[in-house]
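An overview of the molecular structure
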Amino acid sequence: MPVADDIAREELRALSSQGLQRQLEPLRAAQGVEIELRPGERLINFSSNDYLGLAGDSRVAQALAEGARKWGSGASASRLVVGDFEPHHGLEAAVAKLEGAEAALLFGSGYAANSGMFGAFVQQGDLIVSDELNHASIIDGCKLSRARIEVYPHSDVEAAAKLLKLPARRRLLVTDAIFSMDGDRAPLRELARICAASEAMLAVDEAHSSGVAGPRGAGLCAELDVASDLRLTTLSKAFGVFGAAVSGTRAVRELLLNRARSLVFATGLPPALACAALEALRISSSPEGDERRASLRHNIRQFAAGLRKLGFEAREESAIFPVILGTPERAVEAAARLRSSGILAKAIRPPTVAQGTSRLRFALSAKHTAAHVDAALNALRQIC
Ligand SMILES: Cc1ncc(COP(=O)(O)O)c(C=O)c1O
């Protein structure tokens, strides 16, 4: 047997004994608020990040199909070689316009953007100050930069301010705008203030606020009128497609283009995906997008009120609601019981969340109806 197979079996046994082994389950049709996993099993889906309900939108799919017919299926080279296409530039201009930034640069994914962007700005001898609940892709990108990393307790502005005073050549503070597993908002105004006081760069990951918060879905920085140095917009969540863009000044874009390794050494985003994302951005920025955000807000209020009635804490800061249960086993069992009532809210376990905080994560969509939200609350009532 090859060595890797032995190692895999040993590691998998360990994962399984801790209740941490995960499995894939393919969807049988397009993404949506009602999905089918096992044949005949209809589920109301609360586990996708499809906040505006655009992942299954026929206009976005049509843009993808037309884009593929015109531009082919793949970029076939790094954008810096011969994988740069007109739709990439059209999409970058649209993201920059939405963000009120001078420029934006596309990456293959949000993960790739976070992996590569920090290293372009900070290296050995520099300092990164990072929230303890930042997304794994931020943590990995910080490590890859080789800067000194200091982690502050979640959303603790005073602690972050102290860390920013540490000696360093350059300083960068990075935070999720909306925390992906807890759904709370970072104190962006206060963080921007301490960054300005320490001449530190501010990087904000808007993965769960792009398309959701702010005017025309421009994100939480836009809603709070916070200026950032680097702002990540993912195209994979509310916009329902794939890829990501980092907004900043023209010089910031130029440096990323030259230095971000996850961009330089990777094939460009398929241009057809850029066509699809452009259509999703068009819809999101139109009055229809505002209607979808209003419907999402309505669902958020309804779900939060219902959770409170059941005795759970519930903030209304985003479309993400954790129901914390503690051990992985409890979370997995609760998810299975919900599923038998037709509700899909997947269990989230370490390492995605800290030990002892395994949970169900509910993510709402503009496409959920009042009946969907009620069904989730009823199912939760039965398992509490
Ligand atoms: C906060 C945050 N940043 C970045 C990412 C990565 O984005 P993508 O899924 O587009 O790679 C995610 C999603 O998983 C996320 O939740």
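These notes cover the structure that comes with them.

The rules behind these values
Residues numbered from 1 in each chain as written. Predicted model: local features only at pLDDT ≥ 70, side-chain atom pairs only at ≥ 80, totals over all residues. Heavy atoms only, no water. Pairing = 2+ DSSP bridges. Helix = DSSP H or I, 4+ residues; strand = E, 2+ residues; numbered from the N terminus. Axes fitted to C-alpha atoms, helices over the stretch in contact; angles between N-to-C directions. Contact = heavy atoms within 4.5 Å. Near = heavy atom within 4 Å. Polar contact = N/O pair within 3.5 Å; in protein donor to acceptor, adjacent residues only side chain to side chain. Areas by Shrake-Rupley, 256 points an atom, 1.4 Å probe, with all protein chains shown as cover. Nonpolar A, V, L, I, M, F, W, Y, C, P; charged D, E, K, R; others polar. Phe/Tyr/Trp six-rings, centres within 6.5 Å; stacked < 30°, edge-to-face > 60°. Buried < 20%, exposed > 50% of the residue type's maximum accessible area, 1.4 Å probe, protein only. Salt bridge = Lys/Arg side-chain N within 4 Å of Asp/Glu carboxyl O. Arc of directions from axis to C-beta. Expected span 1.5 Å × (residues − 1).

1. Notes on the sheet that holds strand S4 (residues 127-131)
With mixed pairing, seven strands are arranged side by side in an open sheet as S3-S9-S8-S7-S6-S4-S5. One side of each edge strand has no neighbouring strand; the edge strands of this open sheet are strand S3 (103-107) and strand S5 (148-152). Adjacent strand axes in the sheet meet at a mean angle of 20 degrees, parallel and antiparallel pairs treated alike. As paired elements, strand S6 (residues 171-176) and strand S7 (residues 201-205) share five bridges and run parallel to each other. In the sheet register, Leu 173 faces S7, and the bridge partner there is Leu 202. Packed on one face of the sheet, helix H9 (residues 250-259) meets S3, strand S8 (230-234) and strand S9 (244-248) and runs near 25 degrees to S3.

2. Description of the site of the ligand
In the region of the ligand, 14 residues are neighbours, and Tyr 111, Asp 205, His 208, Ser 236 and Lys 237 sit closest. A distance of 2.8 Å separates an oxygen atom of the ligand from a polar backbone atom of Tyr 111. Side-chain polar atom of His 208 to an oxygen atom of the ligand: 2.6 Å apart, as the coordinates give it. Taken by itself the ligand offers 390 Å² of open surface, and the protein chains cover 84% of this. The element best represented in the shell around the ligand is helix H4 (residues 110-121), accounting for three residues. Along the lines of polarity and charge, the residues of the shell around the ligand split into two nonpolar, nine polar and three charged.

3. Looking at the sheet that holds strand S13 (residues 358-363)
In sheet architecture, strand pairing relies on hydrogen bonds along the backbone and comes in two forms, parallel and antiparallel. Taken in spatial order, the three strands line up as S10-S13-S12 in an open sheet, and their pairing is antiparallel. Since the sheet does not close on itself, it has two edges, and those belong to strand S10 (320-326) and strand S12 (347-348), each with one partner. Pairing geometry for S10 and S13, over six bridges, is antiparallel. Of the residues in S13, the one forming a bridge with Val 323 is Leu 360. Strands in contact with helix H12 (residues 287-309) are S10 and S13; relative to S10, the strand with the most contacts, it is inclined by about 25 degrees.

4. Looking at the packing of aromatic side chains
Scanning the entire structure with this criterion turns up five aromatic pairs. Where Phe 46 meets Phe 303, the ring centres are 6.4 Å apart and the plane angle is 15 degrees; that geometry is what we call stacked. In this pair, Phe 46 sits in the loop between strand S2 (42-45) and helix H2 (58-71) while Phe 303 sits in helix H12, placing the two residues 257 residues apart along the sequence. Here Phe 46 matches Phe 303 in class, with each residue buried. One aromatic cluster is present, built from ring pairs that chain together Phe 46, Phe 303, Phe 321 and Phe 362.

5. Overview of the pattern of salt bridges
Side chains that differ in sign of charge can pair as their charged atoms come close. The tally for this structure, following the rule as stated, stands at 25 salt bridges. In this structure, Glu 36 engages Arg 42 in a salt bridge whose closest nitrogen and oxygen atoms are separated by 4.0 Å. Its salt-bridge partner being Arg 339, residue Glu 41 comes within 2.9 Å of it at the nearest N-O pair. Of this pair, Glu 41 sits in the loop between strand S1 (34-36) and S2 while Arg 339 sits in helix H13 (residues 328-340), and the two are 298 residues apart along the sequence. Glu 41 sits in the buried class, given a relative accessible area of 15%. Look at Arg 339 and you get buried, because its relative accessible area is 13%.

6. A few points about H9
Turning to H9, its buried residues number three or more, namely Val 252, Arg 253, Leu 256 and Leu 257. Here the buried residues of H9 occupy an arc of 135 degrees about the axis, which is enough to place them on one side. For H9, the exposed residues set more than 90 degrees away from the buried face come down to Arg 250, Ala 251 and Asn 258. Against helix H3 (86-99), S3, H4, S8, S9 and helix H10 (261-264) lie the buried residues of H9.

7. Quick look at H2
Spanning 14 residues, H2 covers 19 Å between terminal C-alpha atoms, matching the ideal 20 Å at 1.5 Å per step. Its buried side turned inward, H2 meets helix H11 (271-285). Regarding H2, its N-cap is Asp 57, as a side-chain oxygen of that residue lies 2.8 Å from the backbone nitrogen of Arg 59 further along. In the stretch just after H2, Gly 72 is the one whose phi turns positive, near 85 degrees.

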